[in-house]
Amino acid sequence: PILHSDIAAASCSTIQQPSEKQKQESFDLMCEACPFLPFGYFAANSIILDAVQGQDLIHIIDLGIDQSGLQWPALLQSLACRPEGRPRLLRITAVGTSSDKMNSVRSNIQSVAMSLKIQFQFKQLLQPLENLHKHMLDVREDESVVVNSVLKLHCLVKESRGALNSLLQTIHEIHPKVMTLIEPDANHNGPFFLARFVEALHYYSAIFESLEATMPPCSTKRMKIEQFHFGEEIRNILSCEGSARVERHERMDQWRRRMGRAGFQPFPLGLLSLHARIWLARYDSSDEYTLMEEKGGLILGWKGKPILGASAWTC
């Protein structure tokens with residue numbers, strides 16, 4: 001008999017995928033059109049600023065510079081305006097697999113750092129996350145280390161979970177002041193197709209409804225976002241199996257248990273909820289977006305449907 005996994009593997013490999021240019025354009029448009037990922041950047045930056053308050057030597061290890069390059073200019077601006085003054089040195093170690101994307105992000109951040117008179121160093125690590133080890137990170141005793149993870153760890157949640165456990169062990173070994181964790185709050189990692197289909201249906205329906213509230217149906221920008229960004233996520237969740245299925249989103253409570261087993265403790269979010277509500281007011285239909293505090297984390301949703309969760313962890 002032909003199994004669903006056989007069909008999924010065939011469809012995952014044969015469906016034409018968008019070009020890198022189309023992916024990047026749809027990603028940028030998505031960040032402009034809806035607040036979900038920008039909320040993740042805002043939350044992560046707020047957590048980092050709290051963790052490095054008063055620190056002069058700051059080292060940020062970014063586990064996904066291709067997803068978070070847009071995050072750093074705002075953080076640099078906040079660091080430049082600190083009451084205690086600019087840090088003496090800001091280092092960013094960027095982990096990724098695309099040299100072109102890294103070079104583009106590095107150029108952008110360096111330009112911002114120069115304009116703000118922040119001493120800045122950038123190091124590239126062209127490595128898959130599962131191959132990351134402590135000795136590669138050049139952690140120094142006199143610096144405050146921060147690990148930033150935006151939409152990255154779910155890609156390592158595979159059947160064996162060995163890759164994710166190895167990465168969390170490496171992070172724990174360097175004892176960061178804080179680790180930010182920004183992930184979709186959804187259950188798209190179940191073994192059964194029907195359950196994933198129903199969950200994805202409700203999750204992405206909420207996202208598409210939020211887009212409809214601010215963009216007309218015939219909008220070219222909206223169609224690009226739906227087809228080349230969210231459409232690709234849906235295709236991966238429903239049509240791929242095994243190592244090809246990387247959009248393995250899980251609930252915040254599952255991440256909480258996993259981080260606890262890896263030896264991490266929740267890092268207090270302080271006034272993040274209040275600041276996030278003020279920040280969210282800049283968006284159209286902001287009264288339809290919902291912010292929910294859940295056991296030390298903060299979740300942004302649409303009309304009560306959870307979409308993206310932010311949490312912070314320390315050793």
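Thresholds applied
Residues numbered from 1 in each chain as written. Predicted model: local features only at pLDDT ≥ 70, side-chain atom pairs only at ≥ 80, totals over all residues. Heavy atoms only, no water. Salt bridge = Lys/Arg side-chain N within 4 Å of Asp/Glu carboxyl O. Buried < 20%, exposed > 50% of the residue type's maximum accessible area, 1.4 Å probe, protein only. Patch = residues over 30% accessible without salt bridge, like charges linked within 9 Å, V, L, I, M, F, W, Y side chains within 5 Å. Areas by Shrake-Rupley, 256 points an atom, 1.4 Å probe, with all protein chains shown as cover. Helix = DSSP H or I, 4+ residues; strand = E, 2+ residues; numbered from the N terminus. Pairing = 2+ DSSP bridges. Right-handed = clockwise from strand over helix to strand, strands pointing away. Contact = heavy atoms within 4.5 Å. Phe/Tyr/Trp six-rings, centres within 6.5 Å; stacked < 30°, edge-to-face > 60°. Lys NZ or Arg CZ within 6 Å of the ring centre and 35° of its normal. Axes fitted to C-alpha atoms, helices over the stretch in contact; angles between N-to-C directions. Parallel < 35°, antiparallel > 145°, perpendicular 65-115°, else oblique. Left-handed = near helix turned anticlockwise from the far one by under 90°. Nonpolar A, V, L, I, M, F, W, Y, C, P; charged D, E, K, R; others polar. Expected span 1.5 Å × (residues − 1).

### Some words on the pattern of salt bridges
With the rule as written, the count across this model stands at 19 salt bridges. Note that Glu241 and Arg245 form a salt bridge whose closest N and O atoms lie 3.4 Å from each other. When sorted by exposure, Glu241 lands in the same class as Arg245, which is buried. Connected through shared salt-bridge partners, Arg91, Asp138, Arg140 and Glu143 make up one network.

### Comments concerning a nonpolar patch on the surface
A surface patch of nonpolar side chains, amounting to about 440 Å² of accessible area, comprises Phe193, Leu194, Phe197, Val198 and Leu201. Locating Phe197 in the fold gives a position in helix H8 (residues 193-212). Judged by its relative accessible area of 35%, Phe197 is partly exposed.

### Some thoughts on the pairing of strand S9 (residues 305-314)
The buried fraction of S9 is high, at 10 of 10 residues. Looking at chain direction, strand S5 (residues 178-184) and S9 are connected through six bridges and run antiparallel. In the sheet register, Thr180 faces S9, and the bridge partner there is Ala312. Bridging between strand S6 (residues 265-266) and S9 involves two bridges; their strand directions are antiparallel. Across the sheet, the residue bridging to Pro266 is Trp313, located in S9. Examined bridge by bridge, strand S8 (residues 297-302) and S9 share five bridges and lie antiparallel to one another.

### With respect to the pairing of strand S2 (residues 89-96)
With eight of eight residues buried, S2 lies mostly within the body of the structure. What you see with S2 is no split at all: Leu89, Arg91, Thr93 and Val95 on one side and Leu90, Ile92, Ala94 and Gly96 on the other are buried throughout. Looking at chain direction, strand S1 (residues 57-62) and S2 are connected through six bridges and run parallel. Pairing of Ile60 across the sheet is with Ile92, part of S2. In this region the chain leaves S2, passes through helix H6 (residues 99-115) and returns to the parallel neighbour strand S3 (residues 120-126); the handedness of that crossover is right-handed.

### A few points about unusual backbone geometry
Negative phi values dominate among residues other than glycine, just as trans dominates among peptide bonds. The phi torsion at Leu151 lies on the positive side, around 55°, for a residue other than glycine. For Leu151, the position within the fold is in the loop between strand S4 (144-150) and helix H7 (162-173). Non-glycine residue Lys303 carries a positive phi angle of around 50°. Residue placement: Lys303 occurs in the loop between S8 and S9.

### A word on the environment of Ala310
Its place among the elements puts Ala310 in strand S9. For Ala310, a relative accessible area of 0% puts it in the buried group. The spatial distance from the C-alpha of Ala310 to the C-alpha of Glu141 is 28 Å, given a sequence separation of 169 residues. In this structure Ala310 touches Phe39, Ala43, Leu181, Ile182, Met252, Leu269, Gly297 and Leu298, once residues within four positions along its chain are discounted.

### Looking at the packing of aromatic side chains
Tallied over the full model, the rule gives 10 aromatic pairs. Between Phe208 and Phe230, the ring centres sit 6.3 Å apart and the planes meet at 75°, which makes this aromatic pair edge-to-face. Placement of Phe208 in helix H8 and of Phe230 in helix H9 (residues 220-239) is noted, with a sequence separation of 22 residues between them. Accessibility expressed as a relative area gives 5% for Phe230, which makes it buried. Ring pairing ties together the aromatic residues Phe39, Phe42, Trp279 and Tyr283, which thus form one cluster. For Arg258, the ring lying beneath its charged end belongs to Trp255, and the centroid distance is 4.7 Å.

### Examining the packing of helix H5 (residues 72-80) against H6
In a packed pair of helices, the relevant descriptors are the angle between the two axes and the axis-to-axis distance. At a closest axis distance of 10 Å, the pairing of H5 and H6 adopts a crossing angle of 20°. As far as their axial angle goes, H6 and H5 are roughly parallel. The crossing of H5 and H6 is right-handed. Contacts from Trp72, Pro73 and Leu76 of H5 reach H6 at Asn108, Ile109, Val112 and Ala113. Partitioned by chemical class, the residues of the contact of H5 with H6 number six nonpolar, one polar and no charged.

### Some remarks on the packing of helix H2 (residues 20-33) against helix H3 (residues 36-51)
Where H2 meets H3, the closest approach of the two axes is 6 Å, and the angle between their N-to-C directions is 75°. In this view, H2 runs roughly perpendicular relative to H3, as classed from their interaxial angle. Seen from H2, the contacting residues are Phe27, Met30 and Cys31; seen from H3, they are Leu37, Pro38 and Tyr41.

### Thoughts on H3
Helix length check: H3 (16 residues) gives 23 Å between terminal C-alpha atoms against 22 Å at 1.5 Å per residue, within 8%. Most of H3 sits inside the fold, with 13 of its 16 residues counted as buried.

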